[in-house]
There are 2 protein chains.
Amino acid sequence: MHQVAIGIDLGGTQVRAALVDERGNIVARMEEQTEAHVGPEGVLSQISGLVDSLLATSKLSLVVGIGVSTPGPIDTVSGVARDIPTLSGFADFPLKAELQRQFAFPVCLENDGIAAAIGEWQFGAGRGLANLVYVTVSTGIGGGVIADGRVLRGRKGMAAHVGHMSVMPNGEICPCGNKGCFEAYGSGTAFTKRARARAADSHETRLGKDGTALHSRDVFAAGRGGDFLANLLIDEEAEILGRGFVSLIHIFSPDVVIMGGGLSHEFDRLRPGIQEYVARWAMPAFKDVSVVRAALGQNSGLVGAAALAFLADRPSKETLALVAHR
Amino acid sequence: MHQVAIGIDLGGTQVRAALVDERGNIVARMEEQTEAHVGPEGVLSQISGLVDSLLATSKLSLVVGIGVSTPGPIDTVSGVARDIPTLSGFADFPLKAELQRQFAFPVCLENDGIAAAIGEWQFGAGRGLANLVYVTVSTGIGGGVIADGRVLRGRKGMAAHVGHMSVMPNGEICPCGNKGCFEAYGSGTAFTKRARARAADSHETRLGKDGTALHSRDVFAAGRGGDFLANLLIDEEAEILGRGFVSLIHIFSPDVVIMGGGLSHEFDRLRPGIQEYVARWAMPAFKDVSVVRAALGQNSGLVGAAALAFLADRPSKETLALVAHR
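Thresholds applied
- Chains are numbered independently. Their residues run from 1 in the order of the written sequence.
- Written order decides the labels, with chains lettered from A and ligands numbered from 1.
- In keeping with the predicted nature of the model, local features appear solely for residues at pLDDT of at least 70, side-chain atom pairs appear and are counted solely at 80 or more, and the whole-chain, interface and lining totals rest on all residues.
- Side-chain descriptors were evaluated using all non-hydrogen atoms of the structure, hydrogens and water having been removed beforehand.
- Counting from the N terminus, the helices are DSSP H or I runs at least four residues long and the strands are E runs at least two residues long.
- By definition, residues are in contact when any of their heavy atoms lie within 4.5 Å.
- We treat two strands as partners when DSSP finds at least two bridges between them.
- Orientation is described by axes fitted as lines to C-alpha atoms, over the contacting stretch for helices, and by angles from 0 to 180 degrees between their N-to-C directions.
- Least-squares fitting of one copy onto the other uses the C-alpha atoms of those residues that reach a pLDDT of at least 70 in both copies.
- The term buried area refers to how much accessible surface (probe radius 1.4 Å) is lost by two components on association, counted for both of them together.
- Every case where a carboxyl oxygen of Asp or Glu lies within 4 Å of a side-chain nitrogen of Lys or Arg is listed as a salt bridge.
- Definition of a polar contact: a pair of N or O atoms within 3.5 Å, with one able to donate and the other able to accept a hydrogen when the atoms are protein atoms, and with sequence-neighbouring residues admitted only if both atoms are side-chain atoms.
- When residues are sorted by character, Ala, Val, Leu, Ile, Met, Phe, Trp, Tyr, Cys and Pro go into the nonpolar class, Asp, Glu, Lys and Arg into the charged class, and all the rest, Gly among them, into the polar class.
- In this scheme, a residue with accessible area under 20% of its type's maximum is buried, one over 50% is exposed, and one in between is partly exposed, where area comes from a 1.4 Å probe on protein chains only.
- Where each domain begins and ends is defined by an automated method or by a domain database.
- The span you would expect from a helix comes to 1.5 Å times its residue count less one.
- The arc under discussion is defined with respect to the helix axis, by the directions toward the C-beta atoms.

Q: How would you explain the side chain of T70 of chain A if you had to name every residue and give the values?
A: By the secondary structure assignment, T70 of chain A is in strand β4 (residues 62-70). Setting aside residues no more than four positions away along its own chain, T70 of chain A makes contact with L10, L95, L109, E110, N111 and D112 of chain A.

Q: Can you lay out the sheet that holds strand β5 (residues 107-111) of chain A for me, pointing to particular residues and giving the numbers?
A: Pairing between the strands of a sheet comes from backbone hydrogen bonds, and it takes one of two forms, parallel or antiparallel. Residues and elements named next belong to chain A. The strand order β3-β2-β1-β4-β5 describes an open sheet built from five strands, whose pairing is mixed. Across the chains shown, the open sheet's two edge strands, defined by having one partner strand only, are β3 (26-33) and β5. Taking the axes of each pair of neighbouring strands and ignoring which way they run, one obtains an average angle of 15° across the sheet. With five bridges joining them, β4 and β5 adopt parallel strand pairing. Opposite V68, over in β5, you have L109 as the bridge partner. Where helix α1 (residues 39-57) meets the sheet, its contacts fall on β1 (3-10), β2 (14-21), β3 and β4, and the angle it forms with β3 comes to roughly 145°. Most of the contacts of helix α3 (residues 112-123) go to β5, to which it runs at about 105°, and overall it touches β4 and β5.

Q: I'd love a proper account of the relation of the copies chain A and chain B, names of residues and values included.
A: The transformation that overlays chain A on chain B combines an axial shift of 0.0 Å with a rotation of 180°, and the residual RMSD is 0.0 Å. Those values place the two copies in the arrangement expected of a two-fold rotation axis. An overlap of 100% is found between the interface residues of chain A and their copies at the interface of chain B, pointing to a shared contact surface.

Q: Tell me about the interface of chain A and chain B, and name the residues and values.
A: By a widely used convention, the size of an interface equals the accessible area lost when the partners come together. At the junction of the two partners, chain A supplies 49 residues and chain B supplies 49 residues. Summed over both partners, the interface of chain A with chain B comes to about 4,100 Å²; 56% of that surface belongs to carbon and sulfur atoms. When the buried surface of chain A facing chain B is broken down by residue, R155, I251 and W281 of chain A rank first, second and third, together holding 17% of it. Across the chain A-chain B interface, the total number found is two salt bridges. Linking D288 of chain B and R155 of chain A is a salt bridge whose minimum nitrogen-to-oxygen distance equals 2.5 Å. At the boundary of chain A and chain B, one finds 18 residue pairs in polar contact (both at pLDDT 80 or more). Those elements that place two or more of their residues in the side of chain A that touches chain B are β8 (150-151), α7 (228-252) and α8 (267-281) of chain A. When its residues are assigned to classes, the side of chain A that touches chain B shows 26 nonpolar, 12 polar and 11 charged.

Q: Go over the pattern of salt bridges, please, and point to the residues and values.
A: Oppositely charged side chains may form a pair once their charged atoms are brought near each other. Tallying each qualifying case throughout the model produces 26 salt bridges over all chains. E237 of chain A is the partner of R194 of chain A in a salt bridge, and the nearest nitrogen-oxygen pair spans 2.7 Å. Highlighted residues: R194 of chain A in helix α5 (residues 188-201) and E237 of chain A in helix α7, separated in sequence by 43 residues. Judged on exposure class, the residue R194 of chain A and its partner E237 of chain A are both buried. The salt bridge involving E110 of chain B is made with R153 of chain B; its shortest N-O contact spans 2.6 Å. Linking E110 of chain B in strand β5 (residues 107-111) with R153 of chain B in the loop between β8 (150-151) and α4 (182-186), this pair joins segments that are 43 residues apart in sequence.

Q: I'd like to hear about the domain arrangement of chain A, residue by residue, with values.
A: Residues and elements named next belong to chain A. Its domain assignment divides chain A into domain 1 (3-120 + 298-324) and domain 2 (128-294). Contacts between the two partners involve 19 residues from domain 1, matched on the other side by 18 residues from domain 2. Regarding the contact of domain 1 and domain 2, the summed buried area is about 1,400 Å², with carbon and sulfur atoms giving 62% of it. Counting across the interface, domain 1 meets domain 2 through one salt bridge. Viewed at the interface, domain 2 and domain 1 are joined by four residue pairs in polar contact (both at pLDDT 80 or more). Contributions of two or more residues to the side of domain 1 that touches domain 2 are made by β5, α3, α9 (300-313) and α10 (320-324). Broken down by element, the side of domain 1 that touches domain 2 gets its largest block of residues, six residues, from α3. A per-class count over the side of domain 1 that touches domain 2 returns 10 nonpolar, five polar and four charged.

Q: Mind laying out α8 of chain A, listing which residues take part and the relevant values?
A: Residue and element names in this part refer to chain A. In this model α8 runs 20 Å from its N-terminal to its C-terminal C-alpha over 15 residues, within 8% of the 21 Å that 1.5 Å per residue would give. For α8, the set of buried residues is F267, L270, I274, Q275, Y277, V278 and W281. Seen along its axis, α8 keeps its buried residues to an arc of 155°; they face one direction. Turned more than 90 degrees from where α8 packs its buried face, D268, E276 and R280 sit exposed.

What follows is the structure, encoded as structure tokens:
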């Protein structure tokens, strides 16, 4: 009988669930639209249903535990969700306790950026490294940090909200309510918004001229086709990301920066500009830090959540720090 | 016979040395101008002389070790100084090994911001806290971080160069060579530069009108006297610091931000503006984080360097992480 952990990646749009083995392999996987409007009870029963379905697909396995990745900032020490912007009705909801009531095996709760960082650290692009910064660049910008061989959690487990460092005083409005955050400039949403505005202003581009709404993938496609404005927009995005990553390199001194999220699908096109920015503007002692693509793609958080359950189940010297904090 | 540790705070201007007891009390203290021009051999013999003098002033004590705080970024794992901008001739100099040759007791080396954070954590404003960000606002901006009850070191021990996160794309030139760093806007140097430029442009201020060079203390004095421009400049500085601290709060989720360095002498005047910025612009889950003044003043780094020697000498469960990394 082999051991598996259950990973749940609860997002505002999708709930993903997987059985993951000790090597990080996904044994079974399901996803469905998040019933974001029905409130926490509905989401809980949705998770419960997914877990039942997953376990039914699998041969008899020993489930060591369940790890749940949720949108943050969430206090993972108390396990109480104060407010999740993308999910309604989670005000002061005791998420961890309610999850634990549903399952016979131990429940771990993690902020989504940290869960994804754990996934990449244990099974992805950061295997064996003691220091890494994971940054997801997608609708928003989130992240997680491994420092000195341990997960960085901070007060209430809410560290690494790297999308909400200010990069421009009184700048663009950010979904968090502040102005000028890294997320408000570097996210896929911000990139698309910039592309639409600039395409509308320009007669020398094919971008956005076919009557359909412009998306980030269209910009990259046009760039590959030689469109000047598209390539300019992409180079600017690489510079914005490079500048943010250099800040994070100076702040955390990681061995590597791992980029995930929707925009990482275009990592090959973005990487040279990002790496050039690091080589040029990081302080001399930091110029050699690499920026790499997440190896687990959209499963970083799902696998990371499951990894949490394994780490909590069998603490080794290296991972004691992970569980001591819970 | 009581135990003491030797702390050395090697700066570009001053070398400070102290005997520090286990409770963080300074038993004896000396300082002199750094012989920055004579190269590493000269600085080493200067440190050696200070240590001899200190030990001569003290009754027979058991010296558990010596901790040395140096300007960074310095690789404290290899102990080799690649380049210290404020001290000449330190290119690829094996500082830790050369220090160790001079002393019979164990030598620890630490980046100055981290050393000061350790001092405040062990004996100052951060006692008993698991998560803190220390920021020194002086000629430059440096820092150190305690996260999850451990010192954050990162690759080569170079983490927490918080003065070099970008706060303005292509902004003011920073001494690090980059543009737009937090240091280039928030440091005492930047504050004074702004004050001089604005005072020269204004006829409605007494600032800088007495023929002497304007310093930051003059701005605060004029502010207390009701000078409008001076108070505007101070409020702007508080906003710049508040914005930088909010970024660090989102990035590290500390229990507290501790402000040290020259500008912290005026902390009472700056605090309300900083705290108001945090309350207004931090994400809801982070609005209650306090910003406090360093309790050890200019001795944070000196006492922190000595604390390192104690921590390395007698590892407890809590401090094992400190020494495991060396």
